[in-house]
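# An overview of the molecular structure
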Amino acid sequence: MRDRCARFQRILTVFLLSLLACGCLAKSTGAPHTLPDSLTALSRTLSPADRIVATARIDLLTAQGHYPLQAALIIQKPSCLRLEILPVIGTPDFFLTATSDDMKIWIPSQGEFYAGKPTAANLARFLNWGMNIDDMVSILAGSYPFLGEDQVAVETLDEGALLRVDMKVPRGPSQTLWLNRSKRMTRLIRYGSDGRELYSVLYDDYMPENPVAGKISIRSADDVTSMTLKYLEVKIEKAADMKVFDLPVPAGAKIIKLD
């Protein structure tokens, strides 16, 4: 069973990763500290009252092999996530819930229940990624991580069929993203505060009636690991009850504090 949980952790790690993308600079169409209308429209595509309920197929390639799995997800911006890995036979053996304040993980086969803050450090203890819960939710919802509108410098560049947007925080991280003429995300590259690429994401397979990308392809900056997450079924519901993001402690579970 421990090998099975380790397998889950390797698969979840790749949510930090993404597909390398690049573009040629062209005429500037924006100004620092001004978000273009296309980004404003994108950020409002899903409101905090909109909840994504989905199942997805995960296809992971690593240096160790190929790992196909299925997952059930519930996503609600800006910071709420429920993730269950679905086995071929039997019940899920990995549950994760997170909000802006708390993260809980239940591994039934080990009888262990973990609780703590949804920091990048705590997530990395299980998933080995350096991404906080807000960034994770934004990407899974088909949007871009939030850098802070009050501090971010923004420059937009027209690249013909695509609009390139460069976003940077002083002495902080930066990212470049591309939108098509329908104001939908197509690519994202995230950089650390040192300017080095961390990960990149490719968004594809949009359906006319669904604002969420049907496929999210991800690749690490070192080009070693890649992952494709394909949504099999996606529903967007209006929801205010947040109990689904509060994982109760099962009877007899060993509780382990993360903080």
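Residues numbered from 1 in each chain as written. Predicted model: local features only at pLDDT ≥ 70, side-chain atom pairs only at ≥ 80, totals over all residues. Heavy atoms only, no water.

### A short note on the overall build of the chain
Helix and strand counts for the chain stand at 4 helices and 14 strands. Here the chain holds 259 residues, and the buried ones make up 49% of them. For the chain, the proportion of contacts with a sequence separation of at least 24, taken over those separated by at least 6, is 53%. Working note: accessible area of the chain is about 12500 Å², and carbon and sulfur atoms make up 53% of it. (Helix = DSSP H or I, 4+ residues; strand = E, 2+ residues; numbered from the N terminus. Buried < 20%, exposed > 50% of the residue type's maximum accessible area, 1.4 Å probe, protein only. Contact = heavy atoms within 4.5 Å. Areas by Shrake-Rupley, 256 points an atom, 1.4 Å probe, with all protein chains shown as cover.)

### Description of the environment of T55
With respect to the helices and strands, T55 occurs in strand β1 (residues 50-62). On the basis of relative accessibility, which here comes to 26%, the residue T55 falls in the partly exposed class. Taking C-alpha positions, T55 is 8.6 Å from K230, a pair spaced 175 residues apart along the chain. Setting aside chain neighbours within four positions, we find T55 in contact with A71, A72, K230, Y231, L232 and E233.

### So, the nonpolar core
Ranked by size, the top nonpolar core spans 56 residues in total, and within it L73, I75, L81, M167, L177, Y203 and Y231 carry the most contacts. By size, the runner-up hydrophobic cluster in this structure holds 6 residues, among which are W106, F113, A115 and L247. (Core = buried A, V, L, I, M, F, W, Y, C linked by side-chain atoms within 4.5 Å.)

### Let's talk about the packing of aromatic side chains
This model, assessed by the stated rule, comprises 0 aromatic pairs. Taking the ring centre of W178 as reference, the NZ or CZ of R187 above it sits at 5.3 Å. (Phe/Tyr/Trp six-rings, centres within 6.5 Å; stacked < 30°, edge-to-face > 60°. Lys NZ or Arg CZ within 6 Å of the ring centre and 35° of its normal.)

### A look at the pattern of salt bridges
Within the structure shown, the criterion is met by 10 salt bridges. Among the salt bridges present, the one from D135 reaches R190, with a minimum N-O distance of 3.5 Å. Taken together, the residues span a long stretch of sequence, with D135 in helix α4 (residues 133-140) and R190 in strand β10 (residues 185-191) at a distance of 55 residues. Taken individually, D135 and R190 each receive the classification buried, so the pair is uniform in this respect. (Salt bridge = Lys/Arg side-chain N within 4 Å of Asp/Glu carboxyl O.)

### Overview of the pairing of strand β13 (residues 226-238)
The pairing of β1 with β13 spans 12 bridges and is antiparallel. Across the sheet, the residue bridging to R51 is E237, located in β13. The pairing of strand β12 (residues 215-220) with β13 spans 5 bridges and is antiparallel. Across the sheet, the residue bridging to K215 is K230, located in β13. Hairpin geometry of β12 and β13 is characterised by an intervening segment of 5 residues between the two adjacent antiparallel strands and by a positive phi of about 65° at D223. (Pairing = 2+ DSSP bridges.)

### Section: the confidence of the model for the chain
In low-pLDDT segments, the atomic positions of the prediction should not be examined closely. A residue-level look at the chain finds 82% of positions with pLDDT of 70 or above and a mean pLDDT of 82. Looking over the chain, one finds the lowest element-wise mean pLDDT in helix α1 (residues 2-13), namely 49, and the highest in strand β14 (residues 254-257), namely 97. Contacts for the low-pLDDT stretch residues 11-33, under 50 throughout, to residues beyond four places or in other chains number 90 contacts. (pLDDT = per-residue confidence, 0-100.)

### A word on α4
Residues separated by three or four positions in an α-helix point in the same direction, a consequence of the helix having 3.6 residues per turn. Taken across its 8 residues, α4 has 7 buried, putting it largely inside the fold. For α4, the set of buried residues is I133, D135, M136, V137, S138, I139 and L140. Of the residues that open α4, the one with a side-chain oxygen 3.1 Å from the backbone nitrogen of D134 is N132. G142 occupies a position one or two residues after α4 and carries a positive phi of about 80°. (Polar contact = N/O pair within 3.5 Å; in protein donor to acceptor, adjacent residues only side chain to side chain.)

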